[in-house]
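# A look at the structure
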Amino acid sequence: MSRHTEDVLQQFKACIPLLEVLTDENRQAIIMLLAQNKAGLNVNAIAGHINLSRPAVSHHLKVLKQSGFIASDKKGVENYYVLTVRQPLEQLKSLIMSVEAECMGP
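Reference entry: report on the structure contained in this document. In this text the structure is predicted, and so the values were computed from the model without any measurement. (Residues numbered from 1 in each chain as written. Predicted model: local features only at pLDDT ≥ 70, side-chain atom pairs only at ≥ 80, totals over all residues. Heavy atoms only, no water.)

The terminal C-alpha atoms of helix H4 (residues 54-66) lie 18 Å apart, and with 13 residues this matches the ideal 18 Å at 1.5 Å per residue to within 8%. Inspection of H4 places Val-57, His-60, Leu-61, Val-63 and Leu-64 among the buried residues, and these make up the whole buried set. Buried residues of H4 fall within an arc of 160° about the axis and therefore sit on the same side. Summarising the geometry of H4, the exposed residues directed more than 90 degrees from the buried face are Pro-55, Lys-62 and Gln-66. (Helix = DSSP H or I, 4+ residues; strand = E, 2+ residues; numbered from the N terminus. Expected span 1.5 Å × (residues − 1). Buried < 20%, exposed > 50% of the residue type's maximum accessible area, 1.4 Å probe, protein only. Arc of directions from axis to C-beta.)

Next up on the list: the pairing of strand E1 (residues 70-75). If a strand is regular, its side chains alternate between the two faces of the sheet. Pairing of E1 with strand E2 (residues 78-83), which is carried by six bridges, proceeds in the antiparallel orientation. Each bridged residue has a counterpart across the sheet, and for Lys-74 the counterpart in E2 is Asn-79. Hairpin remark: E1 followed by E2, antiparallel, with two residues in the connecting loop; positive phi at Gly-76, about 70°. (Pairing = 2+ DSSP bridges.)

Written out as structure tokens, the structure is:
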């Protein structure tokens, strides 16, 4: 196995958690909702838009935050969540470019 192939396989492994996060439809909905609300939303606002309980939304927000897709900003007693997708998307783009290079060649 070539060194480049090993590198691509390592990129696959590194992206598994990101891909797992994105497989959930509720997390997809939260990402898209936050994309439309750049100033951020709190848990109650998110729960109202996607018809999930507050605890369910909090769980999804925790997963998204741990994977780098969102960040929180405390305003008063509420946390407001905003997208911070740059790093995980760059990681996924890098994987795609590496797979293209490896599989499709010059």
